[in-house]
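Geometric and topological summary
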Amino acid sequence: MQIIQPHYHAIARTAQDYERMAMSGVVAVCEPAFWAGFDRRHPETFIDYFAQISEFEPTRAAEFGIRHYCWVAVNPKEAENKELTNEVLRQMPEFLGKPTCLGVGETGLHKSTPNEIESLQAHVEMAMKHDQLVLIHTPHLSDKAHGTKTVLEVLAGMDVNPDKIWIDHVEEQTIEPVLDAGYWAGMTLYPVTKCSPRRAVDILEKYPRERLLVNSSADWGPSDPFTLQESIVEFRRRGHSLQAAVEIYHNNPCRFLGQNPKWDIKPITISEE
Amino acid sequence: MLSPQKTLDTYYLEARRDLLEVAAMLDRYDEAVKRDGAKAENESKKVSLLEAMEILAQPEHPNANRAEQLLNHFAKIT
């Protein structure tokens with residue numbers, strides 16, 4: 001089965017991940033800009049990072065026949081540094097023009113501070129101005145419900161196209177308002193802290209699937225890119241067809257990401273099971 | 001050996017995850033009942049899980065033997 005990894009932090013992973021993903025059917029990964037584990041102090045650090053994910057990382061993935069795309073943004077955790085945020089934002093359009101850059105992300109909220117909200121607004125404004133897709137991170141654990149509500153309130157006050165916005169890391173308590181507002185919703189599968197493969201399949205069975213994305217955890221912390229494959233096995237084990245799985249794990253990413261013409265992987269249909 | 005606080009801080013998130021899995025499993029069962037319009041012919045496993053949670057919810061366990069109590073409890077299910 002062909003699989004898209006819509007949210008994958010490749011720079012934190014080894015080539016062995018790429019090899020195993022390729023062996024398990026992954027044809028493309030998308031790498032949003034994320035937090036490095038410490039707060040970066042210099043805009044130049046971001047610029048080098050954006051160059052790494054937009055220029056170098058596609059070559060590493062290509063060694064294993066995997067397409068690599070990226071997103072650029074200042075991480076919400078670093079939005080307290082307004083000077084840094086503004087300078088990185090000023091230089092971001094250059095990277096939005098790179099051939100594998102799909103949009104602005106992951107922006108969003110962490111503790112939902114005024115500075116984070118200001119940064120989120122600035123990122124979304126830039127994306128809309130440049131006709132880009134947006135990937136929005138929602139907070140972890142006890143901050144999630146409040147942070148997601150705040151994200152939705154911020155977006156409601158802006159002139160945005162919900163079709164182009166993917167709100168990520170939804171769980172049972174946050175998925176409904178995200179879908180009700182017309183956005184795409186992403187579930188991120190983590191071994192401990194976010195959604196699990198089984199709970200993701202519960203959500204897939206409960207809600208309309210047209211705007212749902214499933215992505216694995218894959219970063220420098222406790223995470224496992226193959227939680228995505230785990231959820232596919234769980235989905236199939238419950239009796240759902242191969243085509244139904246393809247719709248979720250390949251075609252939905254293609255439909256959302258395909259709004260950017262740089263994404264040229266098309267939805268597929270399994271002719272015979 | 002870990003201190004009481006370190007014990008909670010170390011294992012809280014994993015325990016949270018495991019409880020969420022139990023909650024989701026019970027929700028999954030309820031959704032299946034709704035879809036099929038009937039409960040399972042034998043609900044003893046569900047009842048056993050709920051009883052196990054009652055054991056866990058008791059505030060005092062002077063012998064710190066919750067796991068042993070649950071194993072003995074689950075042994076009743078064949």
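You'll find the structure just up there.
Residues numbered from 1 in each chain as written. Chains lettered and ligands numbered in written order. Predicted model: local features only at pLDDT ≥ 70, side-chain atom pairs only at ≥ 80, totals over all residues. Heavy atoms only, no water.

**A word on the overall build of chain B**
A tally of helices and strands in chain B yields three helices and zero strands. Starting at the N terminus and walking to the C terminus, you meet the elements of chain B as α-α-α. The C-alpha atoms of chain B give a radius of gyration of 16 Å, which is well past the 12 Å a tight globule of 78 residues would have. Referenced to the eigenvectors of the C-alpha coordinate spread, the extents of chain B come out at roughly 50 × 25 × 20 Å. Of the contacts made within chain B by residues no fewer than 6 positions apart, 33% connect residues no fewer than 24 positions apart. Working note: accessible area of chain B is about 6,300 Å², and carbon and sulfur atoms make up 58% of it. If you average the places of the 11 positive and of the 14 negative side-chain charges in chain B, the two averages end up 2 Å apart. (Helix = DSSP H or I, 4+ residues; strand = E, 2+ residues; numbered from the N terminus. Rg over C-alpha atoms; globule rule 2.2 N^0.38 Å. Contact = heavy atoms within 4.5 Å. Areas by Shrake-Rupley, 256 points an atom, 1.4 Å probe, with all protein chains shown as cover. Lys, Arg positive; Asp, Glu negative; His and termini not counted. Charge placed at Lys NZ, Arg CZ, Asp CG, Glu CD.)

**Observations concerning the pattern of salt bridges**
All chains considered together, the criterion is met by 24 salt bridges over all chains. Among the salt bridges present, the one from Arg 67 of chain A reaches Asp 264 of chain A, with a minimum N-O distance of 2.8 Å. Of this pair, Arg 67 of chain A sits in strand S3 (residues 67-72) while Asp 264 of chain A is found in the segment after helix H9 (242-257), placing the two residues 197 residues apart along the sequence. Where Lys 164 of chain A meets Asp 131 of chain A, a salt bridge forms, and the shortest distance between an N and an O atom there is 2.7 Å. With Lys 164 of chain A in the loop between helix H5 (144-156) and strand S6 (165-167) and Asp 131 of chain A in the loop between helix H4 (114-129) and strand S5 (133-137), this pair connects stretches of sequence that are 33 residues apart. Among the residues examined, Lys 164 of chain A registers a relative accessible area of 12% and is labelled buried. A cluster of three or more residues bridged by salt bridges with shared partners is formed by Arg 198, Asp 202, Glu 205, Glu 234, Arg 237 and Arg 238 of chain A together with Arg 28 of chain B. (Salt bridge = Lys/Arg side-chain N within 4 Å of Asp/Glu carboxyl O. Buried < 20%, exposed > 50% of the residue type's maximum accessible area, 1.4 Å probe, protein only.)

**Re the packing of aromatic side chains**
Residue and element names in this part refer to chain A. Enumeration over the complete set of coordinates arrives at 11 aromatic pairs over all chains. With centroids separated by 6.1 Å and ring planes inclined at 50°, the aromatic side chains of Tyr 8 and Tyr 18 adopt a geometry described as tilted. With Tyr 8 in the loop between strand S1 (3-5) and helix H1 (15-23) and Tyr 18 in helix H1, this pair connects stretches of sequence that are 10 residues apart. For the residue pair Tyr 8 and Tyr 18, the accessibility class agrees, reading buried in each case. (Phe/Tyr/Trp six-rings, centres within 6.5 Å; stacked < 30°, edge-to-face > 60°.)

**Quick notes on the interface of chain B and chain A**
At the interface, nine residues of chain B touch 10 residues of chain A. Summing both sides of the interface, chain B and chain A together bury roughly 930 Å²; the carbon and sulfur share of this comes to 51%. Linking chain B with chain A are two salt bridges. Between Arg 28 of chain B and Asp 202 of chain A there is a salt bridge, with the nearest N and O atoms lying 2.6 Å from each other. On the surface where chain B and chain A come into contact, there are three residue pairs in polar contact (both at pLDDT 80 or more). Among the residues forming the side of chain B that touches chain A, the class breakdown is three nonpolar, no polar and six charged. (Buried area = accessible area lost by both parts, 1.4 Å probe. Polar contact = N/O pair within 3.5 Å; in protein donor to acceptor, adjacent residues only side chain to side chain. Nonpolar A, V, L, I, M, F, W, Y, C, P; charged D, E, K, R; others polar.)

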